[in-house]
Amino acid sequence: MGNVISVTVITDPAFQQHDTGGGEHPEIPQRLEVIAKALEKSSLQPLISYARPRAVERSQLLAFHSEDWLFRFEEAVLSGRTYIDHPDNQVGYDSFEIATLSAGTGLVGVDLVEKNPQEVVFGSTRPPGHHAEPNMPFGFCFFNNCVIAARYWQRQYGRERICILDFDAHHGNGIQTAFEEDPHGAYVSLHEHPSFSYPGTGWPEEHGLKEGRGTILNLPLLPGAGDTQVRETFARIVTFLESFQPEALIVGAGFDAHAEDDMSGLAFSTEMYTELGTLVADLARRFTEGRLLSILEGGYHIETLGDCTVAYLEGIVRARQQAAS
Ligand SMILES: [Zn+2]
């Protein structure tokens, strides 16, 4: 293998069929198209191969979600409903099946990382997951892709201590729900401060509860915060992982904190995502023997989303090339 780092993108044409209504909804099929095009045009292109997800099984969904939610979701789409609980959560007839496939990107990703921890693995997937709660959809999310991947990693491979690092502009309330009482799951989230932003969780005082005390690190940023403020959090993230000692790292890679993305008031540059890629690659080298899996969350500014994704993956690839040379 030498210094050649390979990249696997897990995606599926079926993701385009998750129908969010075609109106003003920002979570649209075109998101994955611009990512695919940007990857094709990028310096990464010769390194990339593609893999398909497999649908997550019911028992694997039940590692986080309730039986009641699975029935309710399936019934809603089959009965022709166009959204569930809130107009944010638009669905079409195939959305249940597509959501099981979207969650399945994480399973295939975990398998690939276990085979070769040096491979850069990215799930280019929709619907996203980090807002999904055990009993309900939330903020365009139906199944919590990152949490389902974490539970699979624990059960299938015995990697007990999993950290999810989430740099989407919004707090991943569903991930926090999964891990806040769990001593083996850690959650680090960079997001716009809950006073100003959806969904209103992710306060710095939320550290985890009961046995999970100390396993949550919320790093809210004030509106207007950009690269400087993000860099100021890096040392705290490293210290937190030093204390938690994860065996695997999952990244909730959302790109809606970009300055051009009006889904948040944050102002990250495109280059910031390269730095975040370098950061997570370094964290994985230091703490998890390289085990790192990235899964797309938000990112809605169609003109920059592809470039941000490329910038992030380039950050990981470069860090790994340097470490190998
Ligand atoms: Zn978001």
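Right above here is the structure, for reference.
Participant: Even after reading the chapter, I still don't get the overall build of the protein, so can you show me in this structure?
Facilitator: When its secondary structure is counted, the protein shows ten helices and ten strands. Here the C-alpha radius of gyration of the protein, 18 Å, is about what a compact globule of 325 residues would show, namely 20 Å. Per-residue burial for the protein yields a buried fraction of 61% across its 325 residues. About 12,500 Å² of surface is accessible on the protein, with carbon and sulfur atoms providing 50% of the total. In the protein, which carries 23 positive and 45 negative side-chain charges, the distance between the mean positions of the two groups comes to 6 Å.

Participant: Would you explain the coordination of the zinc ion in this entry?
Facilitator: Each donor-metal-donor angle would ideally measure 109.5 degrees in four-coordinate tetrahedral geometry, or 90 or 180 degrees in six-coordinate octahedral geometry. Bound to the zinc ion are the protein donor atoms Asp168 (OD), His170 (ND1) and Asp256 (OD), situated 2.0 to 2.1 Å from the metal. Spacing between the donor residues of the zinc ion along the chain follows D-x1-H-x85-D. Residue classification places Asp168 among the buried positions, given a relative accessible area of 1%. Accessibility expressed as a relative area gives 6% for His170, which makes it buried.

Participant: When you look at the packing of helix 4 (residues 95–115) against helix 5 (residues 145–157) in this model, what are you seeing that I'm missing?
Facilitator: Relative orientation and spacing of two packed helices are given, respectively, by the angle between their axes and the distance between those axes. Where helix 4 meets helix 5, the closest approach of the two axes is 8 Å, and the angle between their N-to-C directions is 40°. As judged from the angle between their axes, helix 4 and helix 5 are oblique. Remark: the crossing between helix 4 and helix 5 carries right-handed chirality. Across from Ser102, Ala103, Gly106, Leu107, Val110, Asp111, Val113 and Glu114 in helix 4, the residues of helix 5 making contact are Asn145, Ile148, Ala149, Tyr152, Trp153 and Tyr157. Residues that form the contact of helix 4 with helix 5 fall into these classes: nine nonpolar, three polar and two charged.

Participant: Quick question: what am I supposed to make of the pattern of salt bridges here?
Facilitator: Once their charged atoms are close, side chains differing in charge can pair, the charge on each being opposite to the other. Going through the model one piece at a time under the given rule, you end up with 15 salt bridges. For Arg58, the salt bridge identified is with Glu74, shortest N-O distance 3.6 Å. Here the residue Arg58 occupies a position in helix 2 (residues 58–61), and Glu74 occupies one in helix 3 (residues 67–78), the gap between them amounting to 16 residues. Residue Arg58 is classed as partly exposed on the basis of its relative accessible area, which comes to 32%. In this structure, Arg285 and Asp282 form a salt bridge, with 3.8 Å as the shortest nitrogen-oxygen distance. A residue pair is termed a helical-turn pair when its members lie 3 or 4 positions apart in one helix, as Arg285 and Asp282 do in helix 9 (residues 270–287) at three residues. What makes Arg285 exposed here is its relative accessible area of 56%. We classify Asp282 as partly exposed; its relative accessible area is 31%.

Participant: Sorry, what's going on with the packing of aromatic side chains here?
Facilitator: The description of an aromatic ring pair uses the distance of the two centres, along with the angle that the planes make with each other. Summed over all chains, the structure comprises 14 aromatic pairs. Measuring from ring centre to ring centre gives 4.9 Å for Trp69 and Phe73, while their planes differ by 5°; the resulting arrangement is stacked. With Trp69 and Phe73 both in helix 3, this residue pair falls four residues apart, about one helical turn. One exposure class covers both Trp69 and Phe73, and it is buried. Measuring from centroid to centroid gives 6.1 Å for Tyr152 and Tyr157, while their planes differ by 80°, and the two rings are edge-to-face. The exposure class assigned to Tyr152 is buried, which follows from its relative accessible area of 8%. Grouped by ring-pair contacts, the aromatic residues Trp69, Phe73, Phe96, Phe142 and Phe143 constitute a single cluster. Positioned over the ring face of Phe71 is Arg58, at 5.0 Å from the centre of the ring. Positioned over the ring face of Phe244 is Arg161, at 4.3 Å from the centre of the ring.

Participant: What's the story with the pairing of strand 2 (residues 48–51) in this structure? I'm lost.
Facilitator: Looking along a regular strand, one sees the side chains alternate between the two faces of the sheet. In this structure, strand 1 (residues 7–10) lies alongside strand 2, joined through four bridges in parallel fashion. Bridge assignment links Thr8 to a residue of strand 2, and that residue is Ser49. What joins strand 1 to strand 2 is helix 1 (residues 30–41), and the crossover it makes is right-handed.

Participant: What is the right way to look at helix 1 in this model?
Facilitator: Since one α-helical turn is 3.6 residues long, residues separated by three or four positions face the same way. Over its twelve residues, helix 1 extends 17 Å from the first C-alpha to the last, a length consistent with the 16 Å expected when each residue adds 1.5 Å. Residues of helix 1 that are buried include every one of Arg31, Leu32, Val34, Ile35, Ala38 and Leu39, and no others. Relative to the axis of helix 1, the buried residues are bounded by an arc of 160° and lie together on one face. Those residues of helix 1 that are exposed and aimed more than 90 degrees away from the buried face are Lys37 and Lys41. On its buried side, helix 1 packs onto strand 1, strand 2, strand 5 (120–123), strand 10 (292–296) and helix 10 (302–324).

How each quantity is defined
Residues numbered from 1 in each chain as written. Predicted model: local features only at pLDDT ≥ 70, side-chain atom pairs only at ≥ 80, totals over all residues. Heavy atoms only, no water. Helix = DSSP H or I, 4+ residues; strand = E, 2+ residues; numbered from the N terminus. Rg over C-alpha atoms; globule rule 2.2 N^0.38 Å. Buried < 20%, exposed > 50% of the residue type's maximum accessible area, 1.4 Å probe, protein only. Areas by Shrake-Rupley, 256 points an atom, 1.4 Å probe, with all protein chains shown as cover. Lys, Arg positive; Asp, Glu negative; His and termini not counted. Charge placed at Lys NZ, Arg CZ, Asp CG, Glu CD. Donors = N, O, S within 2.8 Å, 3.2 Å for Na, K, Ca; no water. Axes fitted to C-alpha atoms, helices over the stretch in contact; angles between N-to-C directions. Parallel < 35°, antiparallel > 145°, perpendicular 65-115°, else oblique. Left-handed = near helix turned anticlockwise from the far one by under 90°. Contact = heavy atoms within 4.5 Å. Nonpolar A, V, L, I, M, F, W, Y, C, P; charged D, E, K, R; others polar. Salt bridge = Lys/Arg side-chain N within 4 Å of Asp/Glu carboxyl O. Phe/Tyr/Trp six-rings, centres within 6.5 Å; stacked < 30°, edge-to-face > 60°. Lys NZ or Arg CZ within 6 Å of the ring centre and 35° of its normal. Pairing = 2+ DSSP bridges. Right-handed = clockwise from strand over helix to strand, strands pointing away. Expected span 1.5 Å × (residues − 1). Arc of directions from axis to C-beta.

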